[in-house]
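Summary of structural features
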Amino acid sequence: MKVVMIGSGNVATIFSRLIKQSGHNILQVISQQLPNAKTLATELNCDFVDNYAAINTTADIYIIAINDDSLTKLNREFNVGDKLVVHTAAAVSKNILQNISTNYGVLYPLQSLRKEMHYVIDIPLLIDGNSERSIRSIQDFALTISPIVSQADDDQRLKLHIAATIANNFTNHLFSLTETFCKNENIDFKLLLPIINETVRRLDSYSPSDIQTGPAARNDISTIDKHLAVLANYPKLKKLYQLITESIRSNR
């Protein structure tokens, strides 16, 4: 298929690489950040512009990979008739595109993507469309760039985004706080990587609730008190420790 990519950030970059690798033809990159558009277009060997008035109208699919705020302001910038248009957002309705085309939907990657990534990862794609025709077209296209494709409406996609935020973003924040604690206490954060990796690996075979370990799960009050005493110099981390400990204990 002939593709126009609208956006030049992390999602646009990773999508563009996958799309090109899958044999599709990317005609153009559009981004208001012209240097970024040029960088991505140079990698893809395609045209680039920084305004919608110059959009290539010959594409089969237009992929809008921009932030949510910009997406909500985009719906009157251009119109491509009945050409297929999708956005890649989790928390924005597909209907935000109804003024851009009569044939539209969503192609949302349920994955943390960074343009620096040059390795293959699993990217579940959640799709939706305003008609059976658009859903079929988006599904056919999605399956060329990922083997994991599921249909999810606006409500389902939002709830999955909440789950992903808790499971990924919140977890990484805890890693960041832990790394800071380790640096301040002159201990090696990397010694924790095997236990972090093992915790995630177990999820392939077990429910998280079945493999909860640690002093809170054992109701080991003595150890919990010792931990809290050490964390007295880290009030934010101490508060999180107490909240999560109580959550684990209440679900025992």
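Rules and cut-offs
- Each chain has its residues counted from 1, running along the sequence as written.
- Two thresholds apply to this predicted model, a pLDDT of at least 70 for residue-level local features and 80 or more for giving and counting side-chain atom pairs, whereas whole-chain, interface and lining totals are computed over all residues.
- Side-chain metrics in this entry use all non-hydrogen atoms of the structure; hydrogen atoms and water are not considered.
- Runs of H or I in DSSP of at least four residues are treated as helices and runs of E of at least two as strands, each being numbered from the N terminus.
- In what follows, residue pairs with any heavy atoms lying within 4.5 Å of each other are defined as contacts.
- Here, Shrake-Rupley sampling with a 1.4 Å probe gives the accessible areas, and only protein chains in the shown set may cover a residue.
- In this tally, Lys and Arg are treated as positive and Asp and Glu as negative; His is ignored, and so are the chain termini.
- Throughout, a charge is located at the NZ atom of Lys, the CZ atom of Arg, the CG atom of Asp or the CD atom of Glu.
- Classification of residues uses two cut-offs on accessible area relative to the type maximum, computed with a 1.4 Å probe and protein chains only: under 20% is buried, over 50% is exposed, and between them is partly exposed.
- Paired strands are those between which DSSP finds at least two bridges.
- Residues grouped as a nonpolar core are buried Ala, Val, Leu, Ile, Met, Phe, Trp, Tyr and Cys residues, joined through side-chain atoms within 4.5 Å.
- Here, axes are lines fitted to C-alpha atoms. For helices the fit covers the stretch in contact, and angles between N-to-C directions go from 0 to 180 degrees.
- Throughout this description, any angle smaller than 35 degrees is read as roughly parallel, any larger than 145 degrees as roughly antiparallel, any in the 65 to 115 degree range as roughly perpendicular, and the remainder as oblique.
- Here is the rule for handedness: rotate from the far helix to the near one, and if that takes an anticlockwise turn smaller than a right angle the crossing is left-handed, while a clockwise turn gives right-handed.
- In this classification, the charged set is Asp, Glu, Lys and Arg, the nonpolar set is Ala, Val, Leu, Ile, Met, Phe, Trp, Tyr, Cys and Pro, and all remaining amino acids, among them Gly, are polar.

Before going further, it helps to spend a moment on the overall build of the protein. When its secondary structure is counted, the protein shows nine helices and eight strands. Projecting the C-alpha coordinates of the protein onto the three principal axes gives extents of approximately 70 × 35 × 30 Å. Pairs at least 24 residues apart make up 50% of the contacts formed inside the protein by residues separated by at least 6 positions. Accessible area for the protein stands at about 14,700 Å²; split by element, carbon and sulfur atoms hold 51% of it. The distance from the centre of the 25 positive side-chain charges to the centre of the 25 negative ones in the protein is 3 Å.

The phi angle at Asn-186 is positive, at roughly 60°, despite the residue not being glycine. Its place among the elements puts Asn-186 in the loop between α5 (154-184) and α6 (193-202).

Here strand β5 (residues 84-87) shows two buried faces, one formed by Leu-84 and Val-86 and the other by Val-85 and His-87. Summarising the sheet, β5 and strand β6 (residues 103-109) pair through four bridges and their orientation is parallel. Considered in β6, the bridge of His-87 is made with Val-106.

Membership of the largest hydrophobic core comes to 30 residues, with the highest contact counts inside it found for Met-5, Ile-19, Val-29, Ile-63, Leu-107, Leu-125 and Phe-141. The contacts of Leu-107, once residues within four sequence positions are left out, are Phe-15, Val-86, His-87, Thr-88, Leu-125, Leu-126, Ile-127, Ile-138, Phe-141 and Ala-142. Counting 21 residues, the second largest nonpolar core, distinct from the first, contains Val-4, Ile-6, Val-92 and Tyr-104.

Before going further, it helps to spend a moment on the packing of helix α1 (residues 10-21) against helix α2 (residues 34-44). Contact geometry for α1 and α2: axes closest at 11 Å, N-to-C directions at 15°. Compared by their axis directions, α1 and α2 come out roughly parallel. Crossing of α1 over α2 shows right-handed handedness. Where α1 abuts α2, its residues Ala-12, Thr-13, Ser-16, Arg-17 and Lys-20 lie against Leu-40, Glu-43 and Leu-44. The residue makeup of the contact of α1 with α2, split by class, is three nonpolar, two polar and three charged.

Here α5 crosses helix α9 (residues 235-250) at 130°, and the two axes come no closer than 11 Å. Classed by the angle they form, the pair α5 and α9 counts as oblique. When you trace α5 past α9, the crossing you get is left-handed. Mapping the contact onto sequence places Leu-174, Leu-177 and Phe-181 in α5 and Leu-237, Leu-240 and Ile-244 in α9. Taken together, the residues that form the contact of α5 with α9 break down as six nonpolar, no polar and no charged.

Turning our eyes to something else, we now look at the sheet that holds β6. Strand order across the open sheet formed by eight strands is β3-β2-β1-β4-β5-β6-β7-β8, with mixed pairing between neighbours. Each of the sheet's edge strands pairs with one partner strand only, and the pair in question is β3 (47-49) and β8 (149-151). Averaged over all adjacent pairs, the angle separating strand axes in this sheet is 25°, with direction ignored. Where strand β7 (residues 125-129) meets β8, three bridges bridge the pair, whose relative direction is parallel. Within the sheet, the bridge partner assigned to Ile-127 lies in β8 and is Gln-151. Its contacts with the sheet place α1 against β1 (2-6), β2 (25-30), β4 (61-64), β6 and β7, and it is angled at close to 170° to β1. Set on the sheet, helix α4 (residues 132-142) makes contact with β1, β4, β5, β6, β7 and β8; between it and β7 the angle comes to about 155°.

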